[in-house]
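Descriptive structure summary
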Amino acid sequence: IIILYMKFLTTGCCGFIGSNFINFMCQKYPEYHFYNIDKIDYCSNTKNVEEHSNYTFVYGNVCDYDLIKYILNENSIDVVVHFAAQSHVDNSFGNSISFTKDNVLGSHTLLEACREYNKLHRFVHISTDEVYGEVDLDHSGCTEKSLLNPTNPYAATKAGAEFLVRSYYHSYKLPTMIIRGNNVYGPNQYPEKLIPKFIMHLLNNEKCTIHGKGESRRNFIYVDDVCSAVDIVLQKGIVNEIYNIGTNNEYTVLDIFYKLCQELVPKDNPKDYLQFVEDRCFNDFRYCIDSSKLKELGWEEKTSFEDGFQNTIKHYVENVNEYKKRIESSYKTTLAKTLSISRNLQAL
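Keep in mind that this is a model prediction, so the values were computed, not measured.

1. Side note on the sheet that holds strand 6 (residues 176–181)
Note: strands within a sheet are paired through backbone hydrogen bonds, in either parallel or antiparallel orientation. Read across the open sheet, the 7 strands follow the order 3-2-1-4-5-6-10; overall the sheet is parallel. Pairing within the sheet leaves two strands with one partner each, and these edge strands are strand 3 (55–59) and strand 10 (242–245). Each strand axis lies, on average, 20° off the axis of its neighbour in the sheet, ignoring direction. Along the sheet, helix 5 (residues 153–172) contacts strand 5 (122–128), strand 6 and strand 10; its crossing angle with strand 5, the most-contacted strand, is approximately 160°.

2. Concerning the packing of aromatic side chains
Taken as a whole and judged by the stated rule, the model has 16 aromatic pairs. When the ring of Phe21 is compared with that of Phe83, the centres are 5.2 Å apart and the planes differ by 50°; the resulting orientation is tilted. Of the two residues, Phe21 sits in helix 1 (residues 16–28) while Phe83 sits in the loop between strand 4 (79–82) and helix 3 (89–94), which places them 62 residues apart along the sequence. In this structure, Phe21 and Phe83 share a single accessibility class: buried. Of the aromatic side chains, those joined through ring pairs into one cluster are Tyr185, Phe220, Tyr222, Tyr251, Phe305 and Phe309. Cation over ring: Lys173 sits above Tyr169, and NZ or CZ is 5.2 Å from the ring centre.

3. Observations concerning unusual backbone geometry
For Asn118, which is not a glycine, the phi torsion comes out positive at approximately 65°. Checked against the element boundaries, Asn118 lands in the loop between helix 4 (96–117) and strand 5. For Asn205, which is not glycine, the phi dihedral falls at a positive 60°.

4. Remarks on the environment of Asn219
Counting through the fold element by element, Asn219 comes out in strand 9 (residues 217–222). Distance in space between the C-alpha atoms of Asn219 and Asp129 is 9.8 Å, their sequence separation being 90 residues. For Asn219, the residues in contact, after removing those within four places along its chain, are Asn182, Asn183, Thr247, Asn248, Asn249, Glu250, Tyr287 and Cys288. Looking at Asn219, its side chain comes within polar contact range of the main-chain nitrogen of Asn249, at 3.5 Å. Reaching out from Asn219, the side chain makes a polar contact with the backbone oxygen of Tyr287 at a distance of 3.2 Å.

5. A word on the pattern of salt bridges
Going through the model one piece at a time under the given rule, you end up with 9 salt bridges. Here Arg115 makes a salt bridge to Glu112, at a shortest N to O gap of 2.5 Å. In this pair, Arg115 and Glu112 are both assigned in helix 4, 3 residues apart and thus about one turn of the helix distant. Classification of Arg115 as partly exposed rests on a relative accessible area of 26%. With relative accessibility at 21%, the residue Glu112 sits in the partly exposed group. In the salt-bridge network here, residues are joined through shared partners; they are Glu112, Arg115 and Glu116.

6. Considerations on the packing of helix 6 (residues 194–203) against helix 8 (residues 253–264)
Each pair of packed helices can be summarised by the angle the axes make with each other and by the distance between the axes. Relative orientation of the contacting elements helix 6 and helix 8 amounts to 40°, with a least axis distance of 10 Å. As far as their axial angle goes, helix 8 and helix 6 are oblique. Considering the relative orientation of helix 6 and helix 8, their crossing is right-handed. Taken together, the residues of helix 8 that come into contact with helix 6 (itself represented by Leu194, Ile195, Phe198, Ile199, Leu202 and Leu203) are Val253, Ile256, Phe257, Leu260, Cys261 and Leu264. A class-by-class count of the residues in the contact of helix 6 with helix 8 yields 12 nonpolar, no polar and no charged.

7. Observations regarding the nonpolar core
Within the largest apolar cluster, 35 residues are counted, with the highest numbers of intra-cluster contacts made by Phe8, Phe21, Val81, Val230, Leu234 and Ile245. Among the secondary structure elements, those contributing two or more residues to this core are helix 1, strand 4, strand 5, strand 6, helix 7 (223–236) and strand 10. Tallying contributions element by element places helix 7 first for this core, with 8 residues. Here Val230 is in contact with Phe21, Val81, Ile126 and Ile179, once residues within four sequence places are set aside. By size, the runner-up hydrophobic cluster in this structure holds 26 residues, among which are Leu202, Leu254, Val265 and Tyr316.

8. Looking at the pairing of strand 10
With burial as the criterion, each face of strand 10 is covered, one bearing Ile242 and Asn244 and the other bearing Tyr243 and Ile245. Pairing between strand 6 and strand 10: 4 bridges, direction parallel. Bridge pairing links Arg180 to Asn244 in strand 10.

9. Remarks on the sheet that holds strand 9
One open sheet holds the 3 strands; their spatial order is 7-9-11, and the pairing between them is mixed. Both outer strands of the open sheet, strand 7 (183–185) and strand 11 (250–252), are each paired with one neighbouring strand and no more. Going from strand to strand, the sheet's axes swing by 50° on average, the running direction of each strand aside. Strand direction decides the pairing type here: strand 9 and strand 11, joined by 3 bridges, are antiparallel. The residue bridging Arg217 from the neighbouring strand is Thr252, located in strand 11.

Calculation notes
Residues numbered from 1 in each chain as written. Predicted model: local features only at pLDDT ≥ 70, side-chain atom pairs only at ≥ 80, totals over all residues. Heavy atoms only, no water. Pairing = 2+ DSSP bridges. Helix = DSSP H or I, 4+ residues; strand = E, 2+ residues; numbered from the N terminus. Axes fitted to C-alpha atoms, helices over the stretch in contact; angles between N-to-C directions. Contact = heavy atoms within 4.5 Å. Phe/Tyr/Trp six-rings, centres within 6.5 Å; stacked < 30°, edge-to-face > 60°. Buried < 20%, exposed > 50% of the residue type's maximum accessible area, 1.4 Å probe, protein only. Lys NZ or Arg CZ within 6 Å of the ring centre and 35° of its normal. Polar contact = N/O pair within 3.5 Å; in protein donor to acceptor, adjacent residues only side chain to side chain. Salt bridge = Lys/Arg side-chain N within 4 Å of Asp/Glu carboxyl O. Parallel < 35°, antiparallel > 145°, perpendicular 65-115°, else oblique. Left-handed = near helix turned anticlockwise from the far one by under 90°. Nonpolar A, V, L, I, M, F, W, Y, C, P; charged D, E, K, R; others polar. Core = buried A, V, L, I, M, F, W, Y, C linked by side-chain atoms within 4.5 Å.

This is the structure we're talking about:
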């Protein structure tokens, strides 16, 4: 029972899903303490986490073995919930090695530090439905026992991390569990992902770029429902089991575009905001998962897509200037790094 676990180490929780999880858990369990290690990448922000008396932020990288060991031992950690990862599929096609370093090596480093610590009650690894790969329209949904068939570098690194997690249960009896989720949306998501990206473009009177024909299909789940699912897995989940978090909110990229146009530019012609661009190197047509196993633990989707959609739009409308600043800052940082690399190459 989770009531026995008082001290949590979370990773990457200044990012999207993790920050919502911290805000959710800190409010629900004021008697627990949550330590969060985050390197603050371009898509993260310490402001995503609200002020909580039972929360401690630690600036650092999950690849830092000594730091992880120090946090575990110094704070007598009971549970690790591992969110930290590079997750933007587009970036993985052009910078795949960094995905391996963060998603695979980072997970391995964290696992090894936890093995050495040897006092954990739970190690929960947050993964993705993309590890299953593409499925057809007539597919009813991948179960936790379906074959893993990742088709892009991001998904491959998440699958690789999963195999390491499973191996640490079998080899060292580390009490691991894995969660695989649909496309998550909601507040705090950096505007590179589909819904917030299109919202920002429409608010800025810019065109929304769509890969290929925009026919790729995804199931969407509101971030609050993901947080409650992780909580239930922590309370009732079985060690060495995998749990899918999924919904039936399935839409194409074009569906999402037109829905947002109806909300944000209802009087305009949507085609004025639409621009098709070259597709990804490979773009899975559809992901679909079966969440029956999680529902047997008592979980259910509580936020309808319509309500979650409205909540998300409201968040970005109210914080549009803040996100503009973050995007501009990220662009300047990326440009500076590119110029620095260019100068170093010229010096050679």
